[in-house]
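A closer look at the structure
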Amino acid sequence: MMTNPSLISRTRWRGSLLQFDTPQQARILTDQVIEVDAQGIVRAVRAPLPGEQVEHDHRGMLIAPGFVDSHVHFPQLDVIGSPAEGLLPWLENHTFPEEARFADRDHAGEVAQVFLGELLRHGVTTAAVYCTAHPESVDAFMQASDERGLAMIAGKVLQDRHSPQTLRDDTERSLLDSAALIRRWHGRGRLRYAITPRFAPTSTERQLAGAGELARAFPEVTVQSHVAENLDEIAWVGRLFPNDRSYLSVYERFGLIRPHSLWGHCIHLDPDDRALLRDRQAVAAVCPTSNLFLGSGLFNFAAANHPWTLASDIGGGSSLSPFRTMMAAFEVARLGGQYLSPSTLWWHASTGSADALGLGDQLGRIQPGFDADWIVIDPRAKPLLARRWNQAESDDARLFALIVLGDDRNIAATVVKGRVVQPVQP
Ligand code: GUN
Ligand code: ZN
């Protein structure tokens, strides 16, 4: 009998599968087989055949789309857990001095490798990443991501004022550097570029205008920044930009708010700001562990009538683990008298985040035609979690057991384009 050659090169994975019927309702399909072709694309999802043996047998485990961290700073890996009395002293005393070290390409390369290893160990397969003001930090991060075949979004931070001399960039140079980095990296492998003004207080009007010009010249790249995180920061923006209606309006004036643009934090928005995000289909990247750690405030999930995603904001955030981020989001919602279901939390950390970043037609779902980026979650890696998992009577209860009790020990494998990248294969 002739064998179809395309089937020979397929790899099969077997286990329970996490899918979303809607953003509010996940479903766990027990005992499914996923077929992946040699290019790392899912070709079929189906029931197992009688007696079928597969290459990757994960029965009893959950295969879920890789998590997507929509706001994270790779150069702040070694800033995690640096206490301060709020955002501005934290930036000045811990973050800016650490980021100054990334002028050194070798240092940036070493941290990029550790950072990517940590992301994958925690089950994060895609992220929107801030580098530093040094173009070398972007080259280091992009190269390390490309070598691993990862779908990453990243950009050079723009900051030409109110910053130490070691971080401050020259306005015109910073825009030329950004354009060169876009040409060098955007679209290479699975990489995408993000135009990344740090936040309004550290950019001159000329730099923000230049960022807007870049955004118009490169409509397919991402735009990301911080907004309305902390009350002292907002008061400062009010003094620096006295004629703008709100902090978000500053970015609007420079043409930066567009579909899939990512706005870190969005704690202190008003209804007009929210309407602007909604009308533009721009995204609030919500960072609950960071907002708790720095005491910035509680995101108002009930008022969010625009796209939003969950993010770690390392190093303001306290964990790269999406389990910790989802848990903190749940607790922040409860403190505000609100409720987020386990399915809702998980959607905004994975499939919904991929959609918000504009990647939802390539990744974030385990379906034919999608990139085979996923994680294998083993509830048995922690005995108490295994017990809760086995007792759970609904899929939401199973997901909640993972959110509350799970951590990186439960990520049995991370798969990128059909290859196991974590644990690292010999
Ligand atoms: N605002 C400006 N820069 C930063 C940063 O690095 N982290 C956080 N959390 N907020 C910022
Ligand atoms: Zn941030």
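Values in this document were obtained by computation on a predicted structure and should not be read as measured data. (Residues numbered from 1 in each chain as written. Chains lettered and ligands numbered in written order. Predicted model: local features only at pLDDT ≥ 70, side-chain atom pairs only at ≥ 80, totals over all residues. Heavy atoms only, no water.)

Considerations on the coordination of the zinc ion (ligand 2)
Defined as follows: Note on donors: an N, O or S atom is included if it sits within 2.8 Å of the metal, or within 3.2 Å for Na, K and Ca, and water is never included, so sites can look incomplete. In this scheme the shape depends on donor count and angles: four donors with every angle between 85 and 135 degrees give tetrahedral, four or six donors with opposite pairs above 155 degrees and others between 65 and 115 give square planar or octahedral in turn, and any other case is irregular. The way it works is that DSSP assigns letters per residue, a run of H or I at least four long becomes a helix, a run of E at least two long becomes a strand, and they are numbered from the N terminus. A 1.4 Å probe rolled over the protein chains alone gives each residue an accessible area, and that area as a share of the maximum for its type sets the label: buried under 20%, exposed over 50%, partly exposed in between.
The zinc ion (ligand 2) binds to the protein through His71 (NE2), His73 (NE2), His226 (NE2) and Asp313 (OD), with metal-donor distances spanning 2.0 to 2.3 Å. Relative to the metal, the four donor atoms surrounding the zinc ion (ligand 2) lie at angles of 92 to 163°, and the coordination shape comes out irregular. In primary-sequence terms, the residues that donate to the zinc ion (ligand 2) follow H-x1-H-x152-H-x86-D. Taken together, the residues His73 in strand S5 (residues 67-73) and Asp313 in the loop between strand S13 (308-310) and helix H11 (322-335) connect sequence positions 240 residues apart. Here His73 falls in the buried class, since its relative accessible area comes to 2%. Here Asp313 falls in the buried class, since its relative accessible area comes to 3%.

A few points about the nonpolar core
Using the following cut-off: By nonpolar core is meant a set of buried Ala, Val, Leu, Ile, Met, Phe, Trp, Tyr and Cys residues that side-chain atoms within 4.5 Å join together. Contact definition: two residues touch when any of their heavy atoms are within 4.5 Å.
One finds Phe115, Phe141, Ile195, Tyr251, Trp263, Phe301 and Trp346 to be the most contacted residues of the largest nonpolar core, which totals 106 residues. Discounting chain neighbours no more than four positions away, the residues touching Trp263 are Val223, Ser225, Val227, Tyr251, Leu256, Ile257, Leu277, Ala282, Val283, Ala284 and Ala285. With 14 residues, the next largest nonpolar core counts Leu17, Ile63, Trp374 and Val376 among its residues.

A look at the layout of surface pockets
Using a probe with the size of a water molecule, rolled over the atoms, empty space left in the structure can be pinpointed. Here is the rule we go by: In this analysis the probe radius is 1.4 Å and the grid spacing 1 Å, with only protein atoms considered; a cavity is a set of points the probe fits into but cannot get out of, a pocket is an open set with protein on both sides within 12 Å along at least five of seven lines, and lining residues have an atom within 4 Å of a point. Grid points are joined across faces, edges and corners, and a volume is the space filled by probe spheres set on the points. Under the scheme applied, nonpolar residues are Ala, Val, Leu, Ile, Met, Phe, Trp, Tyr, Cys and Pro; charged residues are Asp, Glu, Lys and Arg; polar residues are all the others, including Gly.
What the largest pocket holds in volume is close to 170 Å³. Lining the largest pocket we find Gly117, Leu120, Glu147, Arg148, Arg419, Val420, Val421, Gln422, Val424 and Gln425. Breaking the lining of the largest pocket down by element, the ones donating at least two residues are helix H3 (105-121) and strand S16 (419-422). Top contributing element to the lining of the largest pocket by residue count: S16, with four residues. In terms of residue class, the lining of the largest pocket is made up of four nonpolar, three polar and three charged.

Here's the deal with the side chain of Ser174
Relative to the helices and strands, Ser174 is located in helix H5 (residues 171-185). Contacts of Ser174, omitting those with residues within four sequence positions, involve Lys156, Leu158, Asp169 and Gln207.

Considerations on a nonpolar patch on the surface
Quick note on the threshold: Patch rule: a residue counts if its relative accessible area is over 30% and it has no salt bridge; like charges are joined within 9 Å, and nonpolar side chains (Val, Leu, Ile, Met, Phe, Trp, Tyr) within 5 Å. To be clear on the numbers: accessible area is Shrake-Rupley with a 1.4 Å probe, and residue cover counts the displayed protein chains and nothing else. Salt bridges are counted wherever a side-chain nitrogen of Lys or Arg sits within 4 Å of a carboxyl oxygen of Asp or Glu.
Taken together, the side chains of Leu292, Leu298 and Leu335 define a hydrophobic patch exposed on the protein surface, amounting to about 280 Å² of accessible area. Within the secondary structure layout, Leu298 lies in the loop between helix H10 (288-293) and S13.

Focus: empty space enclosed by the protein
Tallying each qualifying case throughout the model produces two cavities of 30 Å³ or more. Its boundaries defined by the atoms lining it, the largest cavity holds a volume of some 100 Å³. In terms of lining, the largest cavity is formed by His73, Gln76, Leu87, Trp90, Leu91, Arg198, Phe199, His226, Glu229, His265 and Asp313. For the lining of the largest cavity, the leading source of residues is helix H2 (residues 87-100), giving three residues. Taken together, the residues of the lining of the largest cavity sort by class into four nonpolar, four polar and three charged. What lines the second largest cavity is Val68, Asp69, Val124, Leu310, Ala311, Ser312, Leu320, Ser321, Pro322, Thr325 and Ala349. Contributions of two or more residues to the lining of the second largest cavity are made by S5 and H11. Within the lining of the second largest cavity, the residues separate by chemical class into seven nonpolar, three polar and one charged.

Some thoughts on the sheet that holds strand S14 (residues 374-377)
Backbone-to-backbone hydrogen bonds pair the strands of a sheet. The strands run either parallel or antiparallel. Formally: Any two strands are treated as partners once DSSP identifies two or more bridges connecting them. Here an angle of 0 to 180 degrees is reported between the N-to-C directions of two axes, which are lines fitted to C-alpha atoms, with helices fitted over the stretch in contact.
Strand order across the open sheet formed by seven strands is S3-S2-S1-S4-S14-S15-S16, with mixed pairing between neighbours. Each end of this open sheet is capped by a strand with a single partner; those strands are strand S3 (42-46) and S16. Each adjacent strand pair in this sheet contributes to an overall mean axis angle of 40°, direction not counted. Across four bridges, S14 lies against strand S15 (residues 411-416) in antiparallel orientation. The residue of S15 that forms the bridge with Trp374 is Val415. On the sheet, helix H15 (residues 395-405) packs against strand S1 (11-22), strand S2 (25-36), strand S4 (56-65) and S14 and is oriented at approximately 80° with respect to S2.

Points about unusual backbone geometry
Between Ile314 and the following residue, Gly315, the backbone shows a cis peptide bond with an omega angle of 5°. Tracing the backbone through its elements, the reader meets Gly315 in the loop between S13 and H11. One non-glycine residue, Ala228, adopts positive backbone phi at about 50°. Structurally, Ala228 can be placed in the loop between strand S10 (222-227) and helix H7 (231-240). Of note, Lys417 is a non-glycine position whose phi angle comes to about 50°, a positive value. As for its position among the elements, Lys417 is in the loop between S15 and S16.

A few points about the packing of H3 against helix H4 (residues 135-147)
Packed helix pairs are characterised by how far apart their axes lie and by the angle those axes make with each other. Quick reminder of the rule: For this classification, under 35 degrees means roughly parallel, over 145 means roughly antiparallel, 65 to 115 means roughly perpendicular, and everything else is oblique. Here a crossing is called left-handed whenever its near helix is offset anticlockwise from the far helix by less than a right angle, and right-handed whenever the offset is clockwise.
Axis separation between H3 and H4 bottoms out at 8 Å; the angle between their running directions is 40°. Put simply, H3 runs oblique to H4. By crossing handedness, the relation of H3 to H4 is classed as right-handed. Judged by residue contacts, Arg105, Ala108, Gly109, Ala112, Gln113, Phe115 and Leu116 of H3 engage Glu136, Ser137, Asp139, Ala140, Phe141, Gln143, Ala144, Ser145 and Glu147 from H4. Considering only residue class, the contact of H3 with H4 consists of seven nonpolar, five polar and four charged.

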